[in-house]
Amino acid sequence: MPQAYDPHAIEPKWQEQWEKDSLFKIPPASTRPAKYVLEMFPYPSGDIHMGHVRNYTIGDVYARYLHMNGYDVLHPIGWDAFGLPAENAAIKHNTQPAKWTFKNIETQKASFKRMGLSYDWDRTVITCKEDYYRWGQWFFLKMYEKGLAYRKSNPVNWCPSCKTVLANEQVEQGTCWRCHSVVERKELDQWYLKITDYAQELLDDLDQLDGWPERVKQMQANWIGRSEGAHVDFTLCDEQGEPTDTKITVFTTRADTLFGCSFFLLAPEHELVKSLIAGTPYEEACNEVIRIAEKTTAVERTMSDYEKHGAFTGRYVVNPVNGMKVPVWIADYVLTDYGTGAVMAVPSGDQRDFEFAKKYGLDIPPVIVEENDPLYEQLKDEKERVVSMVDWDQANAEPGIMVQSGEFTGMKGGKGSEGAAAVISWLEEHGCGEGTVNFRLRDWLVSRQRYWGNPIPMVYCDDCGIVPVNEEDLPITLPMDIDIAAGETLKDSKEFYECTCPKCGKPAHRETDTMDTFTCSSWYYMRYTDPHNDAAPFDSAKVNHYMPVDQYIGGIEHAILHLLYSRFWTKVARDLGMVDFDEPFTNLLCQGMVKDEHGETMSKSKGNVVSPEDVIANYGVDAARAYILFMAPPDKDLQWDDKGCAAMERFLKRVWNQVWTLAEEGGTSTDDSKDAKAFNRKLHQTIRKVTEDIARFNFNTALAAIMELSNATADYLKKPAEQRDQKLCAQVADTLVRLLSPYAPHWADELWTAALGNEGSVYQQQWPTYDEAQAAEDEVERAVMIGGKVRAKITTPADADEQAIIDAALEAVADRIAGKTVRKTIVAPTVVNVVAN
RNA sequence: GCCCGAGUGGCGGAAUGGCAGACGCGUCGGUCUCAAAAACCGAUGUCUUCGUGGCGUGUGAGUUCGAAUCUCACCUCGGGCACCA
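The text that follows walks through the structure, step by step, so that each part is easy to find.

With respect to the protein's contact with RNA strand B
Around RNA strand B there are 54 residues in total, and Tyr-306, Arg-352, Arg-650, Thr-830 and Asn-833 lie nearest to it. Of all RNA strand B atoms lying within 4 Å of any protein atom, the proportion belonging to sugar or phosphate reaches 63%. At 3.0 Å from a sugar or linking oxygen of RNA strand B is found a main-chain nitrogen or oxygen belonging to Met-631. At 2.7 Å, a side-chain N or O of Glu-781 approaches a base nitrogen of RNA strand B. It is helix α23 (residues 699-716) that contributes the most residues to the surface near RNA strand B, seven residues altogether. In the surface near RNA strand B, the residues fall into 21 nonpolar, 12 polar and 21 charged.

This is the structure we're talking about:
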């Protein structure tokens, strides 16, 4: 007796069964090849939303598909559980971050189980648990040993609302990535990880990542920001204007314009500034600029109409290439943390310098001119500076010919030009500069002035200074009895704060900053390969067996942050001899956002949030899973539409009924009619298309193909039952169940057992195979085109030779080409093009 | 300012050099029903003098026998970086 499709009855039933059977546990010893499918783990903030449903469904369908294709699939889940929202929630609800976090994990876990995701739950990693974070501390110690973790005082980004510092990657347009408060600058002593040591490799290895979206690689390359140029040493003069032994080095990408330098700039924060101006008549004006710089936020600075401020320091430096003395100014548009914090100003070639020179009445000598410029004729043979002011209304950064440039006059100038290379060679020969590469990437600031994070395993001793904790004393346990609602911090926990020096044994105190949560997410994917190891972060053999991740899936918002940090961490682990791969994620898919039916971002404040719970309650999770993949390609934004989800439930019900009908006993074994052949052909074509489409993440067109097979089934079932090919019907029923099982696994297992009378789960079955010969059409229809327009259609046997096809085509359009000469005929797979005149 | 992506029916989207609009939603018509819903069947780019017709993938040019697809210029929208020397 056929059953009715009732998702609410079968879904929980199968979820229990799978758990009972430990269906998704990877067998310890297996001859099957391994694949690692991973979705970015969630932060446990309340329950899941539709974006999660999409993210985890993509991974789940792919993981199930791979398993049926003969792989052992590592498909784990965990929680990125440290972080600020837990603290904010704890303060708001007067509870503890841990309690709030674990409660949310339970809620999300229940939702994931309700989604029927094929996770190996025994491998769950929760970053706020001691058995995980101790190894984060261990990594920190290793990096400290290798000089990759260091402490330094530096101007840092401070979020006044989150009350902590932020890494550069966590500042978006001058605001905090989490709360979007305007970020302030502060000088603080903080811990850094030396990601800049890997800048070149992080850039170079992007080329290996063929399986990554181009735009993500582009964003990382931009962020790393490699610039080729030169360091040039200028000689500082004393107050009387006489050269001293002190050199100030600048970085420039335009060594070819060195002869056009008419002043010299220091960032207001530059370490030399105070000593240069102390007690001089220039001190007051300079301090005013420093004050302006201090109180100007990054947001204000980036306004295009932001006016530059500067002041003369009273000092001069000597330009090494022409011996000219140029005045030293401080200017608030010079960045302290890019290059050397000092800049040679070439106002004729740089728009910022040009504006500054105009404002303060400084020289603007031309050094690069184009050949059609009137100045070219005047200056083309001029080696000395005879013109020190131009009448341009803006700087010219375009390539041109070098003039007033000593022995280099007449050479080609511009970024990366031969002139620039020649000047750099000269500098190197004369020991006053060298070619160099500068990166925009800065070291990763990992200190956070927050409680709910991984403690930094460092101790401060009055006698020994900064001392690392001994490896065998790990973990430094985060105390749970901090009353953060009452404003307590780690300093208030005596048990935590007070300790003895690992070196001398005298009383000392612990570092009270914790690590950036991005340190926790930088290596969790390696821990999944060996999650219960209590002697090491992971076993090398295990991590090398599963890693790198074959398919990583997550949001584009991590294009720089998490993905860059993880690549860095992997390279560090490699250099520690722990792993033998260079990159953690071979293929990356960044899924698009789930928007509401009008294309608006879902948000609580807009009141347009679609809840996964409601969707599942209405249509069942199988329909929701299939629908969210059917709507749009996975990397594109999609607009959620309840009607569409209802349609997907209807489709599952329709195929459900078809499978029961197809599986009925009776029928014949001798249907070799044309429609049976066509039905069989459609079956093989569908297997081929679905197999290829899922492999390249075209989940939507794979589903469309299954729908076509279902439509073909409906056609065939119009035949009286006794005339249907029994074997073919059974084969189609079996195939429909297998092909749809990654999308609708509960639906599939119920049909597999109840309608088709099998045992176990479709998950354990083989993916269906197709026969190329049976998928092939025996007749081919072609459009006959004249001048690009369809004028007739012909059908020929698939094995017809070219001449036969041409003959048929010419006959079909005989009246149109009558009296004309056919110059050419082109036979393509689906058209015949006739060229006539 | 620099870099990247996208633009196709009423809607979501197919098609990456070969018959534009697969598949689905919606709409219209039909079967069943006292009726409705559900289910099933059919139609559905647009104009049309109904032709074996014209037009049609943001705009304009180009390459080609043939362009949504390739090239150039432009328009619009979205994203990333940004006083980076």
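So, the layout of surface pockets
Reported here for the second largest pocket is a volume of approximately 1,900 Å³. Lining the second largest pocket are 50 residues, with Tyr-43, Ser-45, His-49, His-52 and Glu-557 positioned closest to its centre. Looking at the lining of the second largest pocket, the elements with two or more residues in it are α2 (50-68), α3 (84-93), α4 (97-114), α15 (517-520), β28 (551-555) and α18 (561-575). Looking at the lining of the second largest pocket element by element, the count peaks at five residues for α2. Taken together, the residues of the lining of the second largest pocket break down into 22 nonpolar, 21 polar and seven charged.

Some details on the nonpolar core
In terms of nonpolar packing, the biggest core is built from 183 residues, with Trp-444, Met-526, Trp-640 and Trp-747 touching the most fellow members. The element that contributes the greatest number of residues to this core is α2, accounting for 10 residues. Apart from the residues lying within four places of it in its own chain, the contact partners of Trp-444 are Ala-167, Trp-191, Tyr-192, Leu-193, Ile-195, Asp-516, Phe-518, Thr-519, Ser-522, Tyr-565, Phe-568 and Trp-569. In this structure, Phe-259, Val-289, Val-328 and Phe-408 belong to the second largest nonpolar core, which totals 37 residues.

Focus: the pattern of salt bridges
According to the stated counting rule, one finds 44 salt bridges in the structure shown. Among the salt bridges present, the one from Arg-254 reaches Asp-256, with a minimum N-O distance of 3.0 Å. On the basis of relative accessibility, which here comes to 12%, the residue Arg-254 falls in the buried class. Taking the relative accessible area as the measure of exposure, Asp-256 reaches 0% and is therefore buried. The closest approach of N and O atoms between Glu-284 and Arg-291, which form a salt bridge, is 3.2 Å. For Arg-291, a relative accessible area of 41% translates into the label partly exposed. One continuous salt-bridge network, built from bridges that share partners, spans Glu-201, Asp-205, Arg-567, Lys-571, Arg-574, Asp-575, Asp-582 and Glu-583.

With respect to the packing of aromatic side chains
One pass over the structure, following the stated rule, counts 50 aromatic pairs. Both rings, one in Tyr-150 and one in Tyr-192, keep their centres 5.6 Å apart while their planes meet at 15°; by these two values the pair is stacked. With a gap of 42 residues between them, Tyr-150 in strand β5 (residues 149-159) and Tyr-192 in strand β9 (residues 184-193) connect regions that are remote in the sequence. With respect to burial, Tyr-150 and Tyr-192 carry one shared label: buried. In this structure, Lys-113 packs its charged tip against the face of Trp-121, placed 5.0 Å from the ring centre. Positioned above the aromatic ring of Trp-158 is the side chain of Lys-186, whose terminal nitrogen or guanidinium carbon lies 4.0 Å from the ring centre.

Describing unusual backbone geometry
Residue Pro-475 is bonded to the preceding Leu-474 through a cis peptide linkage, with omega at 0°. In this structure, Pro-475 sits in the loop between β24 (465-468) and α14 (494-497). Cis peptide bonds are those with omega within 30 degrees of zero, and the linkage from Met-547 to Pro-548 qualifies with -5°. Its place among the elements puts Pro-548 in the loop between α17 (540-546) and β28.

Quick word on the side chain of Ser-522
By secondary structure assignment, the location of Ser-522 is in the loop between α15 and α16 (524-527). Among the residues examined, Ser-522 registers a relative accessible area of 0% and is labelled buried. Setting aside residues up to four positions removed in sequence, Ser-522 forms contacts with Trp-444, Tyr-565, Ser-566 and Trp-569.

Examining the packing of helix α21 (residues 642-662) against helix α24 (residues 726-740)
Between α21 and α24, whose axes approach to 8 Å, the crossing angle comes to 150°. Here α21 and α24 pass one another in a crossing that is left-handed. Residues Phe-651, Leu-652, Val-655, Val-659 and Leu-662 of α21 form the contact with α24, whose own contacting residues are Cys-729, Ala-730, Val-732, Ala-733, Leu-736, Val-737 and Leu-740. Here the residues of the contact of α21 with α24 sort into 12 nonpolar, no polar and no charged.

Describing the sheet that holds β28
Pairing in this open sheet of four strands is parallel, and the strands run β2-β1-β28-β29 from one edge to the other. The open sheet is flanked by β2 (72-74) and β29 (588-591), the only strands paired with a single partner. On average, each strand axis in the sheet is inclined to that of its neighbour by 20°, with strand direction left out of account. In the sheet, β28 pairs with β29 via four bridges, with the strands oriented parallel. Considered in β29, the bridge of Ile-553 is made with Leu-589.

The rules behind these values
- Residues numbered from 1 in each chain as written.
- Chains lettered and ligands numbered in written order.
- Predicted model: local features only at pLDDT ≥ 70, side-chain atom pairs only at ≥ 80, totals over all residues.
- Heavy atoms only, no water.
- Near = heavy atom within 4 Å.
- Polar contact = N/O pair within 3.5 Å; in protein donor to acceptor, adjacent residues only side chain to side chain.
- Helix = DSSP H or I, 4+ residues; strand = E, 2+ residues; numbered from the N terminus.
- Nonpolar A, V, L, I, M, F, W, Y, C, P; charged D, E, K, R; others polar.
- 1 Å grid on protein atoms, 1.4 Å probe; cavity = no way out; pocket = protein on both sides within 12 Å on 5 of 7 lines; lining within 4 Å.
- Points joined across faces, edges and corners; volume = space filled by probe spheres on them.
- Core = buried A, V, L, I, M, F, W, Y, C linked by side-chain atoms within 4.5 Å.
- Buried < 20%, exposed > 50% of the residue type's maximum accessible area, 1.4 Å probe, protein only.
- Contact = heavy atoms within 4.5 Å.
- Salt bridge = Lys/Arg side-chain N within 4 Å of Asp/Glu carboxyl O.
- Phe/Tyr/Trp six-rings, centres within 6.5 Å; stacked < 30°, edge-to-face > 60°.
- Lys NZ or Arg CZ within 6 Å of the ring centre and 35° of its normal.
- Axes fitted to C-alpha atoms, helices over the stretch in contact; angles between N-to-C directions.
- Left-handed = near helix turned anticlockwise from the far one by under 90°.
- Pairing = 2+ DSSP bridges.

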